[in-house]
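These are the residues of each chain, in order.
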Amino acid sequence: MAIDFNHTILLARNSEASAHFLAKMLGLPAPRRWGPFQMVTTENGANLDYMDTDGEITPQHYAFLVSEAEFDEIFGRIREGSLTYWADPGRTRPGEVNRHDGGRGVYFEDPNGHLLEIITRQYGSGGWNP
């Protein structure tokens, strides 16, 4: 049996605003509501389901493999929004783009502090291994 990743839940202070932020940044279709969730669906059919909470939010990390053209578009929206971005998950290289495996990658935060990453090459696909 083939196993595909289906969905994950992201806690948010405002699930609707957070889902719209993600969809806009990644150039994805507008979120849709299902039960308590605002669902953002990626091209491969996986859902990121934002859910409101009044409790503590533990930031999580979500990475998206994108084409070179999509990277340029998303990175343009990051810069247009004056969002802080980093070349690394430890956030020690602000304002930089990484070049791992011959591709490009950056990290930026959603409104809840979740760390979003866009990359143009699968890690390990170009021989990079720190």
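- If you look the protein up in an unreviewed UniProt entry, it shows as VOC family protein from Phyllobacterium zundukense.

1. Quick look at the overall build of the protein
Alright, step 1. Counting its secondary structure elements, the protein contains two helices and eight strands.
Alright, step 2. Mapped in sequence order, the helices and strands of the protein form the string β-α-β-β-β-β-α-β-β-β.
Alright, step 3. Its C-alpha radius of gyration of 15 Å places the protein within 12% of the 14 Å reference for a compact globule of 130 residues.
Alright, step 4. For the protein, the residues scored as buried account for 42% of the 130 residues in total.
Alright, step 5. Summed over its atoms, the accessible surface of the protein is roughly 7,600 Å², and 50% of this surface lies on carbon and sulfur atoms.
Alright, step 6. In the protein, the 11 positive side-chain charges and the 18 negative ones have mean positions that sit 4 Å from each other.

2. Considerations on helix H1 (residues 15-26)
Alright, step 1. With twelve residues, H1 should reach 16 Å at 1.5 Å per residue; the first-to-last C-alpha distance of 16 Å fits that figure.
Alright, step 2. Regarding H1, the residues found buried are Ser15, Ser18, Ala19, Phe21, Leu22, Ala23, Met25 and Leu26.
Alright, step 3. Its side-chain oxygen placed 3.2 Å from the backbone nitrogen of Glu16, Asn14 serves as the N-cap of H1.

3. Quick word on the sheet that holds strand E3 (residues 37-41)
Alright, step 1. Within the open sheet, the four strands sit side by side as E1-E4-E3-E2. Their pairing is mixed. Sheet topology places strand E1 (7-12) and strand E2 (32-34) at the edges, where each strand pairs with a single neighbour. Neighbour-to-neighbour, the strand axes of this sheet turn through a mean angle of 35°, independent of strand direction.
Alright, step 2. Taken together, the three bridges between E2 and E3 define a ladder with antiparallel strand orientation. Looking at the pairing, Arg32 lines up with Met39 of E3.
Alright, step 3. Contacts between H1 and the sheet are confined to E1, E3 and strand E4 (47-52), with E4 contributing the most and set at about 155° to the helix.

4. A look at the nonpolar core
Alright, step 1. Grouped together as the largest cluster of nonpolar side chains are 23 residues, with contacts concentrated most on Leu22, Phe64, Ile78, Val106, Phe108, Leu116 and Ile118.
Alright, step 2. Counting only elements with at least two residues in this core, the list comes to E1, H1, E4, strand E5 (61-65), helix H2 (68-80), strand E7 (105-109) and strand E8 (115-119).
Alright, step 3. The greatest single-element share of this core, amounting to six residues, is contributed by H1.
Alright, step 4. With residues near it in sequence (within four places) discarded, Phe108 still touches Phe21, Met25, Ile78, Leu83, Thr84, Tyr85, Trp86, His114, Leu115, Leu116 and Ile118.

5. Some points on the packing of aromatic side chains
The geometry of an aromatic ring pair is captured by the separation of the ring centres together with the interplanar angle, meaning the angle of the planes.
Alright, step 1. Per the stated rule, a full pass over the model turns up three aromatic pairs.
Alright, step 2. Each ring, one from Phe75 and one from Tyr85, has its centre 4.9 Å from the other, and the planes form 85°; the classification is edge-to-face. Of this pair, Phe75 sits in helix H2 while Tyr85 sits in strand E6 (residues 85-86), and the two are ten residues apart along the sequence. Across this residue pair, the class does not change: Phe75 and Tyr85 are buried.
Alright, step 3. When the ring centre of Trp86 is taken as reference, the NZ or CZ atom of Arg91 above it lies at 5.5 Å.

Reading the values: rules and limits
Residues numbered from 1 in each chain as written. Predicted model: local features only at pLDDT ≥ 70, side-chain atom pairs only at ≥ 80, totals over all residues. Heavy atoms only, no water. Helix = DSSP H or I, 4+ residues; strand = E, 2+ residues; numbered from the N terminus. Rg over C-alpha atoms; globule rule 2.2 N^0.38 Å. Buried < 20%, exposed > 50% of the residue type's maximum accessible area, 1.4 Å probe, protein only. Areas by Shrake-Rupley, 256 points an atom, 1.4 Å probe, with all protein chains shown as cover. Lys, Arg positive; Asp, Glu negative; His and termini not counted. Charge placed at Lys NZ, Arg CZ, Asp CG, Glu CD. Expected span 1.5 Å × (residues − 1). Polar contact = N/O pair within 3.5 Å; in protein donor to acceptor, adjacent residues only side chain to side chain. Pairing = 2+ DSSP bridges. Axes fitted to C-alpha atoms, helices over the stretch in contact; angles between N-to-C directions. Contact = heavy atoms within 4.5 Å. Core = buried A, V, L, I, M, F, W, Y, C linked by side-chain atoms within 4.5 Å. Phe/Tyr/Trp six-rings, centres within 6.5 Å; stacked < 30°, edge-to-face > 60°. Lys NZ or Arg CZ within 6 Å of the ring centre and 35° of its normal.

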